[in-house]
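Letter by letter, the chains look like this.
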Amino acid sequence: MELTLDSFYNQDLRPSCKKSLRKYSENYFGSGSIWSAELAAALFTIFKTLKLWKINPHSWLLAYFYECALIGGSPPKNIKKFLPWEMMAQQRQSLSKPP
C-alpha cells in the first residue's frame, strides 16, 4: 500500500482528529512554492556541509548573521571566511562548539 497524505487521512480516525490534521497540514507541509523549495534545498546543503566539517550550524549562522548586521543587513561581499575549507583551524574549532 502506497502511503500518501490522503491515505493517511483516510485511516480510522475520529472526524475531529481528521479535521485538525487537515487544518495543520496546510501549515506544516510547506508553502508549495518553488522559491521555498529552492531555499530549503540550499539551506540543507549548507547545513550538511557544515556538519561534514564538524561545524555547529547554529554557531555558523550566528556568526554569519552578525557579520550581515555589522554591514547594515546586507550579505558580506566576500564570503570566503564563512566557507569551511577557507577557514583557519582556530575559527573552525570555535564554530564547532554550541553558541
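Before reading further, recall that the structure is shown in the block above.
The following paragraphs examine the structure supplied in this document.

What counts as what
Residues numbered from 1 in each chain as written. Predicted model: local features only at pLDDT ≥ 70, side-chain atom pairs only at ≥ 80, totals over all residues. Heavy atoms only, no water. Helix = DSSP H or I, 4+ residues; strand = E, 2+ residues; numbered from the N terminus. Expected span 1.5 Å × (residues − 1). 1 Å grid on protein atoms, 1.4 Å probe; cavity = no way out; pocket = protein on both sides within 12 Å on 5 of 7 lines; lining within 4 Å. Points joined across faces, edges and corners; volume = space filled by probe spheres on them. Buried < 20%, exposed > 50% of the residue type's maximum accessible area, 1.4 Å probe, protein only. Polar contact = N/O pair within 3.5 Å; in protein donor to acceptor, adjacent residues only side chain to side chain. Contact = heavy atoms within 4.5 Å. Phe/Tyr/Trp six-rings, centres within 6.5 Å; stacked < 30°, edge-to-face > 60°.

Quick word on helix α3 (residues 34-52)
And step 1. Taking 1.5 Å of rise per residue, the 19 residues of α3 would be expected to cover 27 Å, and the 27 Å separating its terminal C-alpha atoms lies within 8% of that figure.
And step 2. The positive-phi residue at the C-terminal boundary of α3 is K54, with phi of around 60°.

Structural notes on the layout of surface pockets
And step 1. Space inside the largest pocket adds up to approximately 240 Å³.
And step 2. Lining of the largest pocket is provided by L43, I46, T49, L50, W60, L61, Y64, I79, F82, L83, P84 and W85.
And step 3. Among the elements that line the lining of the largest pocket, the one with the most residues is α3, at four residues.

Side note on the side chain of S59
And step 1. Take S59: it is sitting in helix α4 (residues 57-70).
And step 2. When its relative accessible area of 7% is taken as the criterion, S59 is described as buried.
And step 3. At 2.5 Å, the side chain of S59 forms a polar contact with the backbone oxygen of K97.
And step 4. With residues near it in sequence (within four places) discarded, S59 still touches L95, K97, P98 and P99.

Some thoughts on the packing of aromatic side chains
For any two aromatic rings, the description comes down to two numbers: the centre-to-centre distance and the angle of the planes.
And step 1. Evaluation of the coordinates by the stated rule reveals four aromatic pairs.
And step 2. Here Y64 and F82 contribute two aromatic rings whose centre-to-centre distance is 5.2 Å and whose plane-to-plane angle is 80°, an arrangement assigned as edge-to-face. Of this pair, Y64 sits in helix α4 while F82 sits in the loop between α4 and α5 (89-95), and the two are 18 residues apart along the sequence. For the pair shown, Y64 and F82 are each scored as buried.

Brief notes about the environment of Y64
And step 1. What makes Y64 buried here is its relative accessible area of 18%.
And step 2. C-alpha of Y64 to C-alpha of F82: the two residues are 18 residues apart in sequence and 7.2 Å apart in space.
And step 3. With residues near it in sequence (within four places) discarded, Y64 still touches P75, P76 and F82.

Functional significance is not addressed by these values, which are geometric in nature.
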